[in-house]
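Inside the fold
One-letter residues, chain by chain:
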There are 2 protein chains.
Amino acid sequence: MPSKKLTKQIIIEEAVAYISETGSPEIAIREISRRLGVKAPSLYNHFRNTKELQYAIYQYSIEKFVMELRESIADKTRDEAIVAFAEAYHDFAIRNRGLYTLVMSIPSNNDENGNRIALPLLELAVSVLSEYGMDRTSVAHWQRVFRALLHGFVSQEYLGYFYHYGDADVEDSRRIAIRCFLDGLHDEIDRSGLPASTGVRE
Amino acid sequence: MPSKKLTKQIIIEEAVAYISETGSPEIAIREISRRLGVKAPSLYNHFRNTKELQYAIYQYSIEKFVMELRESIADKTRDEAIVAFAEAYHDFAIRNRGLYTLVMSIPSNNDENGNRIALPLLELAVSVLSEYGMDRTSVAHWQRVFRALLHGFVSQEYLGYFYHYGDADVEDSRRIAIRCFLDGLHDEIDRSGLPASTGVRE
DNA sequence: TTCCTAAACTAACACTGTTAGTTATAGATG
DNA sequence: CATCTATAACTAACAGTGTTAGTTTAGGAA
């Protein structure tokens, strides 16, 4: 009856599958154990509590997210990279609603550990914006604007806020937003007198 | 023992107070009844279930939110109104984290009722952007961009994503974002050849 | 004063996450 | 090959949740 081959990995994968099916970041320990053909207390041999399992899924999600983003911009720079990043970001959020929601709800304000895990996400956005040669502070500002825009769009799509006024296409809205962001970025760079402000425009 | 004077209003107020204290949108029916000096089942004389109470708080929150926003732009138009709206939005979200989180998590994609309740929020943003004389579709697009930006910022502040790169001030970031938005908006209006594209700049 | 309705109650159910203590097997040891 | 041990499963139980059914009680209307 013991050692039914259950491991941390297996549990995490099952939990991820569960979240992917429900589209919600909530995990029910008893439901997951049921799916694994095991009683609930067995999971406590591998995780101290639900929160710890949540953190593991959180970490897994961020790694997957960052990997997809990184791939999307692999052969691109500047404006092209920004556009690709934005698309991949939106794509991931729509395809992985449960995981994305978890990513955007786990760290509370002073969760040092949670923020450390999310760091690669920050760094990737920073690396893309660093290509324009701005100073560190400006990069920090524009990275915030960029991610706020991306997350804000996803959130409102989740909420269904988009289908209640006019016949405006959601994709068009996103394009306008990114165009707006890039124009603002170029202006900032022009103002600070850096070389080659505009990247590749399609 | 009956008629202890409990009403829908009183329950909602207590729940709102509870949410304001915890900063989380979750309501524990038993905790709220405890605070009201009443047993949990008593609440079911006034609400069919927790979800219905949640909706009531949701509605209350949106009304309060919209009222504050409306006041903030009462004597302003165009750019000035946009800036004031953005400030009031951020202000409300920071001061009422629990309620704001509830507002941004209640309607699921096809919750017709939830979206109907949230409509005034949409309409207010639309009314501000309509002052520039754009066509209906453009207003829809820019309203989405505007609100995405606002919510995205709040979300990331909640998450604590802002204190991990550079020494960039968060308020500065918000100003840059709004400036970027306004510039993009003005460009759009210029391109479509409308009169008086720029509003009042400070 | 009586009656009836509305709003409180108690008791219970099914469901959580979690802990303590028990059992059984897989793999290492002799 | 037999035995021992560590590990990972188990059962039983607790405290907590939202919720329902059925019961009691008091305030306002007749």
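All values derive from a computational prediction rather than experimental measurement.

A few words on the overall build of chain A. Counting its secondary structure elements, chain A contains eight helices and zero strands. Ordered by position from N to C terminus, the α and β elements of chain A give α-α-α-α-α-α-α-α. On the principal axes, the C-alpha backbone points of chain A span a range of 70 × 40 × 30 Å. By the burial criterion, 53% of the 202 residues in chain A qualify as buried. For chain A, long-range pairs separated by at least 24 residues make up 67% of all intrachain contacts whose partners lie at least 6 apart in sequence. For chain A, the exposed surface amounts to about 9800 Å²; the carbon and sulfur share of it is 49%. Chain A carries 24 positive and 29 negative side-chain charges, and their two centres are separated by 10 Å.

Before going further, it helps to examine the relation of the copies chain B and chain A. Superposing chain B onto chain A takes a rotation of 180 degrees plus a shift of 0.0 Å along the axis, which leaves an RMSD of 0.0 Å. The superposition operator between the copies reduces to a two-fold rotation axis. Taking the C-alpha atom as reference, chain B places Gly152(B) closest to the rotation axis, 2.1 Å from it. When you check the interface residues of chain B against chain A, 100% turn up at the interface there too, and the contact is symmetric in its surfaces.

Quick look at the domain arrangement of chain A now. All names here are of chain A. For chain A, the domain assignment lists domain 1 (1–47) and domain 2 (61–192). For domain 1 versus domain 2, the separation of C-alpha centres amounts to 31 Å. Of the residues lining the interface, five residues belong to domain 1; the matching set on domain 2 comes to five residues. For the domain 1 and domain 2 pair, buried surface summed over both sides reaches about 420 Å², with 76% attributable to carbon and sulfur atoms. Contact with domain 2 buries surface across domain 1, with Ile19, Gly23 and Pro25 losing the most and accounting together for 78% of the total.

The calculated volume of the largest pocket comes to roughly 1800 Å³. What lines the largest pocket is a set of 47 residues, among which Pro25(A), Thr101(A), Ser105(A), Thr101(B) and Ser105(B) lie closest to the centre. Only α3 (50–72), α5 (97–103) and α7 (136–159) of chain A together with α3 (50–72), α5 (97–103) and α7 (136–159) of chain B provide two or more residues apiece to the lining of the largest pocket. Tallying contributions element by element places α7(B) first for the lining of the largest pocket, with five residues. Split into classes, the residues belonging to the lining of the largest pocket amount to 21 nonpolar, 18 polar and eight charged.

Take the interface of chain B and chain A next. Taken together, the contacts link 50 residues of chain B with 51 residues of chain A. Summing both sides of the interface, chain B and chain A together bury roughly 4600 Å²; the carbon and sulfur share of this comes to 60%. Considering only the side of chain B, the residues that lose the most area to chain A are Arg144(B), Tyr161(B) and Tyr165(B), jointly responsible for 19% of the buried surface there. Our enumeration of links across chain B and chain A arrives at zero salt bridges.

By the definition in use, this model includes zero disulfides over all chains. Cysteine Cys180(A) shares no disulfide, and the gap to the nearest cysteine sulfur, in Cys180(B), comes to 4.3 Å.

Here we come to the side chain of Ser173(B). Turning to its location among the elements, Ser173(B) is positioned in helix α8 (residues 170–191). In terms of polar contacts, Ser173(B) uses its side chain to reach the side chain of Arg144(A), at 3.0 Å.

So, about the packing of aromatic side chains. Residue and element names in this part refer to chain A. As enumerated under the stated definition, the model contains 18 aromatic pairs over all chains in all. Ring centres of Phe65 and Tyr89 lie 5.1 Å apart, and the angle between their planes is 55 degrees; this geometry places the pair in the tilted category. Taken together, the residues span a long stretch of sequence, with Phe65 in helix α3 and Tyr89 in helix α4 (residues 78–95) at a distance of 24 residues. Here the two residues Phe65 and Tyr89 agree in accessibility, since each one is buried. The lysine or arginine in question, Arg97, covers the ring of Tyr158, its NZ or CZ lying 4.3 Å from the ring centre.

Parameters at a glance
- Residues numbered from 1 in each chain as written.
- Chains lettered and ligands numbered in written order.
- Predicted model: local features only at pLDDT ≥ 70, side-chain atom pairs only at ≥ 80, totals over all residues.
- Heavy atoms only, no water.
- Helix = DSSP H or I, 4+ residues; strand = E, 2+ residues; numbered from the N terminus.
- Buried < 20%, exposed > 50% of the residue type's maximum accessible area, 1.4 Å probe, protein only.
- Contact = heavy atoms within 4.5 Å.
- Areas by Shrake-Rupley, 256 points an atom, 1.4 Å probe, with all protein chains shown as cover.
- Lys, Arg positive; Asp, Glu negative; His and termini not counted.
- Charge placed at Lys NZ, Arg CZ, Asp CG, Glu CD.
- Least-squares fit on C-alpha atoms with pLDDT ≥ 70 in both.
- Domains from an automatic or database assignment.
- Buried area = accessible area lost by both parts, 1.4 Å probe.
- 1 Å grid on protein atoms, 1.4 Å probe; cavity = no way out; pocket = protein on both sides within 12 Å on 5 of 7 lines; lining within 4 Å.
- Points joined across faces, edges and corners; volume = space filled by probe spheres on them.
- Nonpolar A, V, L, I, M, F, W, Y, C, P; charged D, E, K, R; others polar.
- Salt bridge = Lys/Arg side-chain N within 4 Å of Asp/Glu carboxyl O.
- Disulfide = S-S within 2.5 Å.
- Polar contact = N/O pair within 3.5 Å; in protein donor to acceptor, adjacent residues only side chain to side chain.
- Phe/Tyr/Trp six-rings, centres within 6.5 Å; stacked < 30°, edge-to-face > 60°.
- Lys NZ or Arg CZ within 6 Å of the ring centre and 35° of its normal.

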